[in-house]
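Structural characterization, general
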Amino acid sequence: MTTAQHSGISRPPIGRWLLFQCVMLILIGLAFLVKSPVASYSALLGGLIFLLPNAYFAFKAFRYAGARAARQIISSFYQGEAGKLILCAVLFTTVFIWIQPLDVAALFLTFAIMLVINWLTPLLASGRPQRS
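Residues numbered from 1 in each chain as written. Predicted model: local features only at pLDDT ≥ 70, side-chain atom pairs only at ≥ 80, totals over all residues. Heavy atoms only, no water.

**Comments concerning the overall build of the protein**
Along its length, the protein carries four helices and zero strands. Along the chain direction, N to C, the helices and strands of the protein fall in the order α-α-α-α. Counting the 132 residues in the protein, one finds 32% classified as buried. For the protein, contacts bridging at least 24 residues in sequence account for 70% of all contacts bridging at least 6. Counting only carbon and sulfur atoms, one obtains 70% of the accessible surface of the protein, whose full area is about 9000 Å². (Helix = DSSP H or I, 4+ residues; strand = E, 2+ residues; numbered from the N terminus. Buried < 20%, exposed > 50% of the residue type's maximum accessible area, 1.4 Å probe, protein only. Contact = heavy atoms within 4.5 Å. Areas by Shrake-Rupley, 256 points an atom, 1.4 Å probe, with all protein chains shown as cover.)

See below:
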């Protein structure tokens, strides 16, 4: 029996990438615990402010695949990015209004660290070497 070969572009392993980023966020939160409990939970909040909108974008953007769904893909990317920006703004506003005391430096530093981790995740958590 011959098996069909998949020649299309496969979807990225979003679940594995998000899990990797969650583990990294927990490690960052534990590292900030050395400074203070406030810095630790502020760091966790900064990471969540990054992760939740990013997860929304990832699941929204990669719902469709294939050349026939090109319009749906473009539309879902725009919707995902708009939703991601709105969620970031809402989450930052919510944290600044409702969470006191807050270590703002830990919050923003962790947000920035998570951004860099997001760029590196495909290289670090792919489980297979990247093609050049």
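After presenting the structure, the write-up continues.
**Comments concerning a nonpolar patch on the surface**
On the surface, Leu19, Val23, Ile26, Leu27, Leu30 and Leu33 cluster together into a nonpolar patch covering about 560 Å² of accessible area. Considering the arrangement of structural elements, one finds leucine 30 in helix α1 (residues 14-32). (Patch = residues over 30% accessible without salt bridge, like charges linked within 9 Å, V, L, I, M, F, W, Y side chains within 5 Å. Salt bridge = Lys/Arg side-chain N within 4 Å of Asp/Glu carboxyl O.)

**Focus: the packing of aromatic side chains**
Under the defined criterion, the tally for this structure stands at six aromatic pairs. Between the aromatic rings of phenylalanine 57 and phenylalanine 77, the centroid separation amounts to 5.6 Å while the plane-to-plane angle is 85 degrees, which identifies the pairing as edge-to-face. On the criterion of sequence distance, the pair formed by phenylalanine 57 in helix α2 (residues 37-61) and phenylalanine 77 in helix α3 (residues 70-98) is long-range, its members being 20 residues apart. Given a relative accessible area of 16%, phenylalanine 57 falls into the buried group. Exposure remark for phenylalanine 77: the relative accessible area of 33% places this residue in the partly exposed category. (Phe/Tyr/Trp six-rings, centres within 6.5 Å; stacked < 30°, edge-to-face > 60°.)

**Some remarks on the confidence of the model for the protein**
Looking at the protein, the pLDDT average stands at 87 and 84% of residues meet or exceed 70. Segment residues 1-7 is flagged for pLDDT under 50; beyond a separation of four residues in sequence, or across chains, it makes zero contacts in the model. (pLDDT = per-residue confidence, 0-100.)

**Concerning the nonpolar core**
Grouped together as the largest cluster of nonpolar side chains are 17 residues, with contacts concentrated most on Phe32, Ile49, Leu107, Phe111 and Met114. Where this core is concerned, the elements lending two or more residues are α1, α2, α3 and α4 (104-124). Dropping the residues within four chain positions of it, phenylalanine 111 is found in contact with Gly46, Ile49, Phe50, Cys88 and Phe92. (Core = buried A, V, L, I, M, F, W, Y, C linked by side-chain atoms within 4.5 Å.)

**So, α3**
In this model α3 runs 41 Å from its N-terminal to its C-terminal C-alpha over 29 residues, within 8% of the 42 Å that 1.5 Å per residue would give. Within α3, burial applies to Ser76, Gly80, Gly83, Lys84, Cys88, Phe92 and Val95. In the core, the buried residues of α3 are packed alongside α2 and α4. (Expected span 1.5 Å × (residues − 1).)

**Some thoughts on the side chain of asparagine 54**
Considering the arrangement of structural elements, one finds asparagine 54 in helix α2. Among the residues examined, asparagine 54 registers a relative accessible area of 7% and is labelled buried. With sequence-adjacent residues up to four places away left out, asparagine 54 is seen in contact with Gln21, Lys84 and Asn118.

**Focus on α1**
The end-to-end C-alpha separation of α1 is 27 Å, in line with the 27 Å expected for 19 residues at 1.5 Å each. Within α1 the residues assigned to the buried category are Ile14, Leu18, Gln21, Leu25, Ile28, Gly29 and Phe32. Each buried residue of α1 sits inside an arc of 100 degrees when the element is viewed along its axis, so together they form one side. Every exposed residue of α1 that faces more than 90 degrees away from the buried side is listed here: Leu19, Ile26 and Ala31. On the buried face of α1, the contacting elements are α2 and α4. (Arc of directions from axis to C-beta.)

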